[in-house]
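Given next are the chains, with one letter for each unit.
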Amino acid sequence: VGEPPATMAAAMKEEEEAAVAELAELLAPAAAPAARAGAAEAALALSGTAAGRRLLAGSPAVLPALLRLAAGPGPQAALGCLVNLSAEPAAREPLLAGLPALLGLLPSGAACGVLANLCRERAAARRVLRGLRERGTGLAPLLQALGEPRPPPQLGPLLCNLSQLPEGRRGLLDRSRCSVQRLLPFTQYRGSVVHRRGIVGALRNCCFEYEDHEWLLSEEVDVLPFLLLPLAGAEELPEDEMERLPVDLQYLPQDKQREEEPDIRKMLLEAVLLLTATKAGRGTVRAKGTYVVLRELHRWERDPQVLRACENLIQVLIGDEPGPGLENLLEVKVPEELEQELQRLDREEEERWRREEEEQGREEDMGGLTPS
């Protein structure tokens, strides 16, 4: 007669806890380097499943040991394991307790990945921004990494999540450092869809700061062509319409392709919509021939959500000006139920990002690359 299910489950749990306790010992500084490297690889493999992540996150000794190992010259498997664990809610507070060590690893891709996952929560994003300020660096190491030949793919999501906060947006909109200008070329970056998506999300978030719209639309930044170019195709236009467009959108090559990711197209449209929040912004966006780009996009688009975003923007551009007291659309009170729905959609979007990041990490593992 077999053991009762409850007894078997209890026995299995004891075995798992014992195994994790042994793993923590092997990750400790007192263990031999080869043992620590093997334990880090084992932890990385275990963190590849939801059950494994919960098991590791439930051990008070494993996370600090992995943080110590990741902060040193040891095996990169420890940092790859932390990337996976940072998606586990139970691991977030212990990881935030080790924030100084994580910030010291920036701008490595894996460190960006850990922090991007942590910063999905606004309170955690605020702690990360505070930690960066206390180090005296602010966003500088992240912005400098944008100049690398291949920036870490996780850098875009990290900047996006930090920019959900006003203080994060202020860092990106620092005019003295030309910070936001460093983001602009990546709206068409082909090296990583994860990075591109994050950068577009960060730019969209920056567009919530309507006090900066005039500057963003000025020649000093000239953000509009960077937002419209990924939405434009190779359609032939009448000469008068072509001349209304910004120079970078005129006479595009026949092989010009639109952004292939629907959610990125939607965020680009949302960013332009935010720039039309003020009367001056609406005037500038209209004058740059934006309607022509949107008209052609609407003919081509098949995704329902992107079509709706496109139609919303077109309506603002061709509709009547808002009445007195409503000139600035960002100052209009949003109904609570609509705000909750927007927050729900943002959470679903973030979850999709997380799944794509995990899939990309698994693909890199299979190719023998450093886990990310």
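All residue numbers refer to position in the chain's written sequence, counted from 1. The predicted nature of this model means local features are confined to residues of pLDDT at least 70 and side-chain atom pairs, given and counted, to a pLDDT of 80 or more, with totals for whole chains, interfaces and linings taken over all residues. Excluding hydrogens and water, the side-chain values take into account all heavy atoms of the structure.

Caption draft 1: Broad picture of the environment of P253. Runs of E in the DSSP output that reach at least two residues are strands. Runs of H or I that reach at least four are helices, and both are numbered from the N terminus. On the secondary structure map, P253 appears in the loop between α16 (239–244) and α17 (262–275). Residue burial is assigned from relative accessible area. The probe radius is 1.4 Å, only protein chains are included, and a residue is buried under 20% of its type maximum, exposed over 50%, and partly exposed in between. What makes P253 partly exposed here is its relative accessible area of 47%. It is 6.2 Å that separates the C-alpha atoms of P253 and A234, two residues lying 19 residues apart in sequence.

Caption draft 2: Examining the packing of aromatic side chains more closely. Each Phe, Tyr or Trp ring, with Trp reduced to its six-membered ring, pairs with another whose centre is within 6.5 Å; inter-plane angles below 30 degrees give stacked pairs, above 60 give edge-to-face pairs, and intermediate values give tilted ones. Inspection of the entire model under this criterion finds one aromatic pair. On the basis of an interplanar angle of 70° and a centroid distance of 5.2 Å, the ring pair of F186 and Y189 is categorised as edge-to-face. Residue F186 is classed as buried on the basis of its relative accessible area, which comes to 8%.

Caption draft 3: Representation of unusual backbone geometry. Look at the link from L106 to P107: it is a cis peptide, with omega at 5°. Here P107 shows up in the loop between α7 (99–104) and α8 (109–118). For D222, which is not glycine, the phi dihedral falls at a positive 55°. Relative to the helices and strands, D222 is located in the loop between α14 (213–217) and α15 (223–228). Given a relative accessible area of 26%, D222 falls into the partly exposed group. A positive phi is found at Y251, a non-glycine position, where the angle reads about 50°. Counting through the fold element by element, Y251 comes out in the loop between α16 and α17.

Caption draft 4: Examining the pattern of salt bridges more closely. By salt bridge we mean one thing: a side-chain nitrogen of Lys or Arg within 4 Å of a carboxyl oxygen of Asp or Glu. Evaluated as defined, the whole model comprises 20 salt bridges. A salt bridge links E93 to R127; its shortest N-O distance comes to 3.1 Å. Within this pair, whereas E93 is found in helix α6 (residues 89–97), its partner R127 is found in helix α9 (residues 122–134), the two being separated by 34 residues in sequence. Residue R127 is classed as partly exposed on the basis of its relative accessible area of 26%. Here R197 ties to D263 by a salt bridge, and the two come within 2.5 Å at their closest N and O atoms. Separated by 66 residues along the polypeptide, R197 in helix α13 (residues 193–206) and D263 in helix α17 bring together distant segments of the chain. In this pair, the class of R197 matches that of D263, namely buried. A network of salt bridges, in which partner residues are shared, links R190, R196, E259 and E260.

Caption draft 5: Fine view of the environment of D248. Within the secondary structure layout, D248 lies in the loop between α16 and α17. In this structure D248 comes out as partly exposed when scored by relative accessible area, which is 48%. Separated by 23 residues in the primary sequence, D248 and P225 have C-alpha atoms spaced 6.7 Å apart. Beyond its immediate chain neighbours, meaning those up to four positions away, D248 contacts P225 and L229. Contact criterion: two residues are considered in contact whenever any of their non-hydrogen atoms come within 4.5 Å of each other.

Caption draft 6: Just α9, in detail. Relative to the 18 Å expected for 13 residues at 1.5 Å per residue, α9 spans 18 Å between its end C-alpha atoms, a close match to the ideal helical length. Buried positions along α9 lie against α6, α7, α8, α11 (155–162) and α12 (166–172). Of the residues flanking the end of α9, it is G136, one or two places downstream, whose phi is positive at about 85°. Here the expected span of a helix is defined as 1.5 Å times the quantity of residues minus one.

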